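# Secondary and tertiary structure notes
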Amino acid sequence: MVLAYVANFGFGDNTVSVIDVKTHSVIATVQVGNQPNFVDFTPDGKFAYVNSGDDIISVIDVKTHSVIATVQIDFPFFVAFTPDGKLAYVRNGAGNIVSVIDTKTHLMISTIQVDNANIIDAQNFKFTPNGKLAYVINSTSDRPSTVSVIDVKTHSVIATISVGIQAHRIAFSPDGKIAYVTNKMSGTVTVIDVKTHSVISTLNIGGNPSDVVITNDGKLVYVNSEIVDTVTAIDTKTHSVIATIRVGNIQFNSFLEFTPDNKLAYAGNQADGTVSVIDVKTHSIIATVPVGTDPRAIAFTPN
């Protein structure tokens, strides 16, 4: 059975709705903490982790649709799992702590101090493809932001990398050798060598660069820029800009994603309720699709 879990943020609701995707019907309602706003599954699909505004992570058994554990964490903001599913990392909205949860026992086993941040983004850290490192963005609006590099085995910060002002999103090349970080207020993309934890290039693209995605073959990076409503194409071999594509009215925090075959890119335009479809070979718009109001996220079926 394929299920969808929906976190209901509305004040006083405090539930997760479980939807059967085949019948499009709610088959269970799970009571969690106050105002849940994030839900994700362990890689094996057995458990769902839900954060809430009353400083808890609720762990739901997907088989029984029941809460089997709660983890007390100050202002849990975003949860990500290591690729092997053994650990969950939680960024604390308070600013400078990452909490580590053992997903077998659902107990917090470590806290890691990172640089302080005055902007907390919902998806501001990622694991390298091999799961050995976590890159945590410490976003600041009044000075250069930093990236804390965490050794997952030791739960310790092994490097701190200075990037641009108001760092926002991060993406790794498929081989895990290169990281790309967008910096909104600097109008730049920082290119990082993951082996040496050093900046190897800074690309000036302007216009509040927001989302960043990489093709499956690792040859091309696309970055959308909010103020100027463009998508910038970057050649990963030369770390150079090779095209600038005018899209719709992005506004802010709109999505950008490649189709699994890398032939097309979909760019969300939040302010005008459309999706721009880009031909990746020619870096040109081939369609504009009207959708609903305020589009913010997209996912493609694997085929």
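### A few points about the overall build of the protein chain
From N to C terminus, the protein chain includes 0 helices and 27 strands. A compact globule built from 303 residues would reach a C-alpha radius of gyration of about 19 Å, and the protein chain, at 19 Å, matches this within 12%. Oriented by its inertia axes, the alpha-carbon framework of the protein chain measures out at about 50 × 45 × 35 Å. Here the protein chain holds 303 residues, and 52% of them are scored as buried. Just so you have it, the protein chain exposes about 13800 Å², and 52% of that area is on carbon and sulfur atoms.

### Comments concerning the packing of aromatic side chains
Scanning all chains against the criterion turns up 9 aromatic pairs. On the basis of an interplanar angle of 90 degrees and a centroid distance of 6.4 Å, the ring pair of phenylalanine 125 and phenylalanine 127 is categorised as edge-to-face. There is no split in this pair, since phenylalanine 125 and phenylalanine 127 are both buried. An angle of 75 degrees between the planes, with centres 5.2 Å apart, marks the rings of tyrosine 135 and phenylalanine 172 as edge-to-face. Of this pair, tyrosine 135 sits in strand E13 (residues 133-138) while phenylalanine 172 sits in strand E16 (residues 167-172); the two residues are 37 residues apart in sequence, bridging distant segments of the chain. On the basis of relative accessibility, which here comes to 0%, the residue tyrosine 135 falls in the buried class. Given a relative accessible area of 12%, phenylalanine 172 falls into the buried group. A connected cluster of aromatic rings, assembled from ring pairs, spans Phe38, Phe78, Tyr89, Phe125 and Phe127.

### Let's talk about the pattern of salt bridges
Opposite charge on two side chains permits them to pair, given that their charged atoms come into close proximity. If you walk through the whole model with that rule in mind, you get 2 salt bridges. Aspartate 142 is the partner of arginine 143 in a salt bridge, and the nearest nitrogen-oxygen pair spans 2.9 Å. The class of aspartate 142 is exposed, set by a relative accessible area of 54%. Note that lysine 184 is salt-bridged to glutamate 226, the shortest N-O span being 3.0 Å. Separated by 42 residues along the polypeptide, lysine 184 in the loop between strand E17 (178-183) and strand E18 (188-193) and glutamate 226 in the loop between strand E21 (220-225) and strand E22 (230-235) bring together distant segments of the chain.

### Some words on the pairing of strand E27 (residues 284-290)
In terms of strand pairing, strand E26 (residues 274-279) meets E27 through 6 bridges, oriented antiparallel. Paired with valine 275 across the bridge in E27 is valine 289. Between E26 and E27, which pair antiparallel in sequence order, lie 4 residues; one of them, histidine 283, sits at a positive phi of approximately 55 degrees.

### Observations concerning the sheet that holds strand E15 (residues 156-165)
Read across the open sheet, the 4 strands follow the order E12-E13-E14-E15; overall the sheet is antiparallel. Edge positions in the sheet fall to strand E12 (125-127) and E15, since each of these pairs with one other strand and no more. With strand direction ignored, the average angle separating the axes of adjacent strands in the sheet is 20 degrees. The pairing of strand E14 (residues 144-151) with E15 spans 7 bridges and is classified as antiparallel. Of the residues in E15, the one forming a bridge with proline 144 is isoleucine 165.

### Section: the nonpolar core
Tyr49, Val79 and Tyr89 are the most contacted members of the largest nonpolar core, which totals 27 residues. Listed by contribution, the elements that provide at least two residues to this core are strand E5 (47-52), strand E6 (56-61), strand E7 (66-72), strand E8 (76-81), strand E9 (87-92), strand E10 (97-102), E12 and E13.

Reading guide: rules and limits
Residues numbered from 1 in each chain as written. Predicted model: local features only at pLDDT ≥ 70, side-chain atom pairs only at ≥ 80, totals over all residues. Heavy atoms only, no water. Helix = DSSP H or I, 4+ residues; strand = E, 2+ residues; numbered from the N terminus. Rg over C-alpha atoms; globule rule 2.2 N^0.38 Å. Buried < 20%, exposed > 50% of the residue type's maximum accessible area, 1.4 Å probe, protein only. Areas by Shrake-Rupley, 256 points an atom, 1.4 Å probe, with all protein chains shown as cover. Phe/Tyr/Trp six-rings, centres within 6.5 Å; stacked < 30°, edge-to-face > 60°. Salt bridge = Lys/Arg side-chain N within 4 Å of Asp/Glu carboxyl O. Pairing = 2+ DSSP bridges. Axes fitted to C-alpha atoms, helices over the stretch in contact; angles between N-to-C directions. Core = buried A, V, L, I, M, F, W, Y, C linked by side-chain atoms within 4.5 Å.

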